[in-house]
Amino acid sequence: GTKMNVDYVPQDGRFSFEATDIHGENRKVDVRVNFMPGVKSESTVLRFLDPTKGISTFEKIGFTERTYEILKRNLEKNTGITIFTWPTGSWKTTTLYTILNTLNDGKRKIITLEDPIEYEVKGIQQSQINYSKWYTYEIWLKAILRHDPDIILIGETRTQETAEIAINAALTGHLVFTTLHTNSAIESIPRLTSMEVKPYMLAPSLNLIVAQRLVRRICPHCWVKRDANYSEQAEIKDILKKMKDLDPKLDFSFDGKIPQAVGCDVCNGSGYQGKIAIIETLEITEELKKMIVDNKIGIDLYAKAREEWFLTLKEDGIIKMLKGDTTLDELRRVL
C-alpha cells in the first residue's frame, strides 16, 4: 500500500479491477503503481498486468531451437545457478514464470523470493520481500533455505551477500534461478566478481547465463521485403559468415532482401505488432569454469565461448530478422 500524505520517498503499490476484453468477457487486470518524488509534484507510473498472461511458451517468447535446447538441458539439472540478465521491461517475469511452470511437476518443492510477486502460480511457494520491517533479501533467503526447497528463484541478485547465499545454495544441491542487470551474458561474470564473489566458488556453481532483449515484432499483415543497401548487406553478410565459421550448420541464405515495416489498420500504422525476445545463451562448460577460476574473464572468455558456438544477441536477432520476425532498424534500436 502507498501512503497518501507521503510525497518525499518513492512508493510502490498495487490494485486490481475487472474489465471487459475485446471478446466481451469479464477479465481481472492487476495494476502496479510507482510514485517518484519530483521538485514540485510526483511522477506516477502504472503497469497493467494480465494475471492470465504470466506464463507463455518458450517458442512464443523467442527461443529458437538452438537456444531452447541449451536452456532445456540446464533445466534438467538438479543443482547449479542459471542467471538471466536484461534491462527492465524485457519479459524477465514471463520467461522466469514459464520456466517455473515447466519445472512445477508436483514432485519438487519450489520456493521464490520476489519483489514484488507479479503473478501467482499454483503449487509454488512464493514469498514477497517485505522492506517495511527489518527484513532484507539475505534474511529471507536464509529462512527459505531452512524449508529445504529443491528449486529456488531469487528475484534479483543485488549484493555480495545475496550472490554468496545463492552460490552456496547451488553448491549444496539446489537448482537456483536469479537475475542481474547487465548488457550481455558474458558481462554477468565480471559483474559478479566485482561484487567480491570468489571466482573459485562462482565457477562450479554456474550452469547457464541467458541474456534477453525485446524487439518489436513486424506486423504480419503489411510488411514487405526491400533491397538492403550496401552497408546493411555488408553487415548482414559479415555476421552470417562469422556464424557459419563457428558452426557449418548455421548456414542461412540471404538474397539481399530484408523485411521492411509498412503500417496498416491492424497495427495502427506502426508497422509492428507485439514483441519477440532476442536471446543469447552462454553455457558455462568445464573449460569456461577453469577460466573463471583463473580470473580470465575478459576477451579470452569470449573467445573460448565462441569456440564453443556461443551466439550473440545480435546474431540471434539477425536470424529472426531473416525469418521475417523483426527488422534491422529494430535490432539497431535495441542493440
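Thresholds, definitions, all that
- Residues numbered from 1 in each chain as written.
- Predicted model: local features only at pLDDT ≥ 70, side-chain atom pairs only at ≥ 80, totals over all residues.
- Heavy atoms only, no water.
- Helix = DSSP H or I, 4+ residues; strand = E, 2+ residues; numbered from the N terminus.
- Rg over C-alpha atoms; globule rule 2.2 N^0.38 Å.
- Contact = heavy atoms within 4.5 Å.
- Areas by Shrake-Rupley, 256 points an atom, 1.4 Å probe, with all protein chains shown as cover.
- Lys, Arg positive; Asp, Glu negative; His and termini not counted.
- Charge placed at Lys NZ, Arg CZ, Asp CG, Glu CD.
- 1 Å grid on protein atoms, 1.4 Å probe; cavity = no way out; pocket = protein on both sides within 12 Å on 5 of 7 lines; lining within 4 Å.
- Points joined across faces, edges and corners; volume = space filled by probe spheres on them.
- Pairing = 2+ DSSP bridges.
- Axes fitted to C-alpha atoms, helices over the stretch in contact; angles between N-to-C directions.
- Buried < 20%, exposed > 50% of the residue type's maximum accessible area, 1.4 Å probe, protein only.
- Polar contact = N/O pair within 3.5 Å; in protein donor to acceptor, adjacent residues only side chain to side chain.
- Salt bridge = Lys/Arg side-chain N within 4 Å of Asp/Glu carboxyl O.
- Nonpolar A, V, L, I, M, F, W, Y, C, P; charged D, E, K, R; others polar.

> Help me out: how do you make sense of the overall build of the protein in this one?
In terms of helices and strands, the protein carries 12 helices and 12 strands. Scaling as 2.2 N^0.38, a compact globule of 335 residues should have a C-alpha radius of gyration of about 20 Å, and the protein matches this with 22 Å. Within the protein, residue pairs in contact and separated by at least 24 positions form 67% of the contacts whose partners lie at least 6 positions apart. Counting every atom, the protein has about 17,500 Å² of accessible surface; 52% of that belongs to carbon and sulfur. Of the side-chain charges in the protein, 46 are positive and 47 negative, and the distance between the mean point of each set is 0 Å.

> So what exactly am I meant to see when it comes to empty space enclosed by the protein here?
Using a probe with the size of a water molecule, rolled over the atoms, empty space left in the structure can be pinpointed. Tallying each qualifying case throughout the model produces 1 cavity of 30 Å³ or more. One number sums up the size of the largest cavity: a volume of about 60 Å³. Going through the elements one at a time, β4 (80-85), α5 (160-171) and β8 (175-180) are the ones with two or more residues in the lining of the largest cavity. At 3 residues, α5 tops the list of elements feeding residues into the lining of the largest cavity.

> Honestly, the environment of L100 in this entry has me stumped. Any pointers?
Among the secondary structure elements, L100 is positioned in helix α3 (residues 92-103). Sequence separation between L100 and I111 is 11 residues; the distance between their C-alpha atoms is 9.8 Å. Once residues within four sequence positions are removed from consideration, L100 is found in contact with I110, T112, I124 and L153.

> Just to check I follow, could you spell out the sheet that holds strand β1 (residues 11-20) for this structure?
Sheet strands line up and pair through hydrogen bonds in the backbone, either parallel or antiparallel. The antiparallel open sheet is built from 3 strands, whose spatial order is β1-β2-β3. The sheet is open, and its two borders are formed by β1 and β3 (42-49), each paired with just one other strand. Strand-to-strand twist of the sheet, defined as the mean angle between neighbouring strand axes without regard to direction, takes the value 25°. As defined by bridge partners, strand β2 (residues 26-37) adjoins β3 across 8 bridges and the pair is classed as antiparallel. In the sheet register, N34 faces β3, and the bridge partner there is V45.

> Looking at this structure, I do not really get the side chain of T85. What am I missing?
Checked against the element boundaries, T85 lands in strand β4. Exposure remark for T85: the relative accessible area of 1% places this residue in the buried category. Among the polar contacts made by the side chain of T85, one reaches the main-chain carbonyl oxygen of L180 at a distance of 3.4 Å. Residue contacts for T85: discarding those within four places in its chain leaves L180, H181, T182, N183, S184, A185, S188, I209, V210, A211 and Q212.

> I would appreciate a short explanation of the pairing of strand β9 (residues 206-218) in the present structure.
Sheet faces and side chains relate simply in a regular strand, where the side chains alternate between the two faces. In terms of burial, β9 is largely enclosed, as 11 of its 13 residues are buried. Sheet analysis places β4 next to β9, joined by 5 bridges and oriented parallel. Residue pairing in the sheet places I83 in a bridge with I209 of β9. With 10 bridges connecting them, β9 and strand β12 (residues 272-283) associate as antiparallel partners. Bridge pairing in β12 links I218 to Y272.

> Looking at this model, I keep getting lost on the pattern of salt bridges. Mind explaining?
It is possible for side chains bearing opposite charge to pair when their charged atoms get close. Inspection of every chain in the model, using the stated rule, returns 24 salt bridges. A salt bridge links R217 to D325; its shortest N-O distance comes to 3.7 Å. Taken together, the residues R217 in strand β9 and D325 in the loop between α11 (313-322) and α12 (328-334) connect sequence positions 108 residues apart. The class of R217 is partly exposed, set by a relative accessible area of 26%. Between E232 and R226 there is a salt bridge whose closest N-O contact spans 2.9 Å.

> Please clarify how the layout of surface pockets should be interpreted in this entry.
Empty space within the second largest pocket amounts to approximately 510 Å³. Around the second largest pocket sit 25 residues that line it, and R66, T67, I70, W309 and L311 are the ones nearest its centre. Looking at the lining of the second largest pocket, the element that brings in the most residues is helix α2 (residues 65-75), giving 6 residues. Here the residues of the lining of the second largest pocket sort into 10 nonpolar, 4 polar and 11 charged.

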